[in-house]
Amino acid sequence: DFDIADSPTGIDGLWRDLIEYEQSLIPHGMHVVGQTPSDDARADLLATMAEALPDHDLTEANDHLQRDTETPALLHALAGGFIRPVPGADLIRAPHALPTGRNLHAFDPFRMPSAFAMADGRKQAEVLLRRHMSDGHSLPKSIALVLWGADNLKTEGGPIAQAMALMGAQPRFDSYGRLCGAELLPLEELGRPRIDVVMTLSGIFRDLLPLQTRMLAEAAWLAATADEPADQNHVRAHTLAHAEANDIDFETAALRVFSNADGAYGANVNQLVDAGAWDQEDELADAFEQRKCFAYGRDGTPAAQPKLMKKVLSTVDVAYQNLESVELGVTTIDHYFDTLGGISRAVTRARGEEAAVYISDQTRGDGKVRTLSEQVALETRTRSLNPKWYEGMLRHGHEGVRQIEAQITNSLGWSATTGQVDPWVYQRLTETFVLDPEMRRRLADLNPQASARMANRLIEAQERSYWNPDDETLAALRAAGDELEDRLEGISPEIAAE
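These figures come from a predicted structure and were not determined experimentally.

## Observations concerning the packing of helix α21 (residues 437-446) against helix α22 (residues 448-463)
Working step 1: For the pair α21 and α22, the least separation of the axes is 5 Å and the interaxial angle reads 135°. By the angle between their axes, α21 is oblique relative to α22. Contacts between α21 and α22 involve L443, A444 and L446 from the former and P448, S451 and M454 from the latter.
Working step 2: Residue classes in the contact of α21 with α22 are distributed as 5 nonpolar, 1 polar and no charged.

Listed below in structure tokens is the structure:
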């Protein structure tokens, strides 16, 4: 079910696409507390872990995976017992997360980002820049980077380190080894111009990492005030231009760290898409800017700066976020298009044209940077359209159908915010989950509401011109949608037809 026209690399890249799809990791349904993996699932997991772990670690992991350690821990906790903590981590890259069923402690805030994270962050930043230039672009002058709290906790500050590396900065530690600020690397050591990084923080990041928030703000300030040529320091060049154009002081013009106001979370872009409560895509940009326009300076105090945010977004060439979880993809949960999608739409409006959107997949090996379109295509083929994935979901009944519907809704969210979902995605989803009579019946039996929402989302995508099916497909989709709505209302298809 692979059309060569769907591959952006054409026939020359088809074999690489197929190998990547074949090697992609696919969750075996959802986790159930106290339920150990099946033999096949455990074998797949251990095979993946074997890429980076020695044999003795695999043997220990295999033993842990065959025992239910969660139910006893839960009962012990409910009885008031102590649950020994362990650092939170991705199992595939960090087997010390096993056994499950333990409390989590995350990090030492005074030592993040770690030395390893800084080294890896520099490498990943260069991978991003090389990918962008290999796509036919020049070195970007400004990058909008989304930073989440959980992703940084799992990687000792990896995405933070990427932001610092792009600006040509590094953490500054005091004589006790505690984080106390930022310092610049000399341009000679950096080897390229400083890139202007517009950082948007999740509410969790803001709450958990105040030291790092101030460090990032200080790094931007130091770059803006560095006595360096404008063509070698885009932070300074843009800050000078913003200060002059908006008649604001230099320190305000140098603000580059944005998030919600204290106590607020999310951009609400996902809620608008889920409710269908928007007419034009710019309404999604409005929601993002209203929620995320609070700038955090070197003192960590937020202040609403909507005009400044619009100005700094107008210079952005690339929107970018890391993907840190094997279990979750950009079409699995709506938080990705709420943040990366939201800022991408705001950048498009501010620039008057679309910027490149990239996802850095950090889940395996040395990581890989993909365009958003490539990432959505990968997840659609390896998950949404893959019987191994959706049959695993359907074993969970009502909730499994809801998860399949969420994939479709989230794809619509990416279309609304970036326009980078290929039309074939909607065509294949329609054929698999709505136009197939047996599948439609199975979904409706398990969750009539979610199955009706699937059809309605696909119709909504057509009405918003995100895909244009032929007349026969559209008529069949609408008829199937009507059938599902009638079933949802308690009317049998036979009665509705009469």
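## Re helix α19 (residues 398-418)
Working step 1: For α19, spanning 21 residues, the distance from its first C-alpha to its last is 30 Å, which sits close to the expected 30 Å at 1.5 Å a residue.
Working step 2: Burial of α19 is extensive: 18 of the 21 residues sit out of reach of the surface.
Working step 3: Note on α19: the residue one or two positions beyond its end, G419, has a positive phi of about 70°.

## Remarks on the packing of aromatic side chains
Working step 1: Scanning the model with the defined rule gives 5 aromatic pairs in all.
Working step 2: On the numbers, 6.1 Å between centres and 70° between planes, the contact of W221 with F250 is edge-to-face. Of the two residues, W221 is situated in helix α10 (residues 210-225) and F250 in helix α12 (residues 250-253); the sequence distance between them amounts to 29 residues.
Working step 3: With a relative accessible area of 24%, F250 lands in the partly exposed category.
Working step 4: The side chain of R206 reaches across the aromatic face of Y265, ending 4.8 Å from its centre.
Working step 5: Across the ring face of W424, the terminal group of R381 is positioned such that the distance to the ring centre comes to 4.0 Å.

## Regarding the pairing of strand β10 (residues 318-323)
Working step 1: Taking burial as the measure, the 6 residues of β10 include 6 buried ones, the bulk of the element.
Working step 2: By the alternation rule, side chains of β10 split into V318, Y320 and N322 and A319, Q321 and L323, which are all buried.
Working step 3: Summarising the sheet, β10 and strand β11 (residues 356-361) pair through 6 bridges and their orientation is parallel. Note on β11: the bridge partner recorded for A319 is V357.
Working step 4: A crossover links β10 with its parallel partner β11, the connecting element being helix α16 (residues 335-351), and its sense is right-handed.

## Thoughts on the sheet that holds β11
Note: strands within a sheet are paired through backbone hydrogen bonds, in either parallel or antiparallel orientation.
Working step 1: Read from one edge to the other, the open sheet built from 8 strands follows the order β9-β8-β7-β6-β3-β10-β11-β12, with strand pairing classed as mixed. Whereas interior strands pair on both sides, the edge strands pair on one side only; in this sheet they are β9 (302-304) and β12 (368-371). Ignoring which end each strand starts from, the neighbouring axes of this sheet average 30° apart.
Working step 2: Sheet topology places strand β7 (residues 257-259) next to strand β8 (residues 294-296); 2 bridges connect them, and they run antiparallel. When the bridges of β8 are listed, S259 appears paired with F294.

## Focus on the pattern of salt bridges
Working step 1: Evaluation of the coordinates by the stated rule reveals 31 salt bridges.
Working step 2: In this structure, R453 and D274 form a salt bridge, with 2.9 Å as the shortest nitrogen-oxygen distance. On the criterion of sequence distance, the pair formed by R453 in helix α22 and D274 in helix α13 (residues 269-275) is long-range, its members being 179 residues apart.
Working step 3: For D274, a relative accessible area of 38% gives the class partly exposed.
Working step 4: R351 is the salt-bridge partner of D317, the closest N and O atoms lying 3.4 Å from each other. Of the two residues, D317 is situated in the loop between α15 (306-313) and β10 and R351 in helix α16; the sequence distance between them amounts to 34 residues.
Working step 5: The class of R351 is partly exposed, set by a relative accessible area of 24%.
Working step 6: Three or more residues joined by partner-sharing salt bridges are found here, namely D274, E405, R453, R457, E460 and R464.

## Overview of the nonpolar core
Working step 1: One finds I404 and W414 to be the most contacted residues of the largest nonpolar core, which totals 72 residues.
Working step 2: Counting residues per element, this core draws most heavily on α22, which supplies 7 residues.
Working step 3: In this structure I404 touches W389, Y390, M393, L394, F433, L443 and M454, once residues within four positions along its chain are discounted.
Working step 4: Counting residues in each nonpolar core, the second largest holds 38 residues, with M118, L179, V197 and V369 among its members.

So, how was this worked out
Residues numbered from 1 in each chain as written. Predicted model: local features only at pLDDT ≥ 70, side-chain atom pairs only at ≥ 80, totals over all residues. Heavy atoms only, no water. Axes fitted to C-alpha atoms, helices over the stretch in contact; angles between N-to-C directions. Helix = DSSP H or I, 4+ residues; strand = E, 2+ residues; numbered from the N terminus. Parallel < 35°, antiparallel > 145°, perpendicular 65-115°, else oblique. Contact = heavy atoms within 4.5 Å. Nonpolar A, V, L, I, M, F, W, Y, C, P; charged D, E, K, R; others polar. Expected span 1.5 Å × (residues − 1). Buried < 20%, exposed > 50% of the residue type's maximum accessible area, 1.4 Å probe, protein only. Phe/Tyr/Trp six-rings, centres within 6.5 Å; stacked < 30°, edge-to-face > 60°. Lys NZ or Arg CZ within 6 Å of the ring centre and 35° of its normal. Pairing = 2+ DSSP bridges. Right-handed = clockwise from strand over helix to strand, strands pointing away. Salt bridge = Lys/Arg side-chain N within 4 Å of Asp/Glu carboxyl O. Core = buried A, V, L, I, M, F, W, Y, C linked by side-chain atoms within 4.5 Å.

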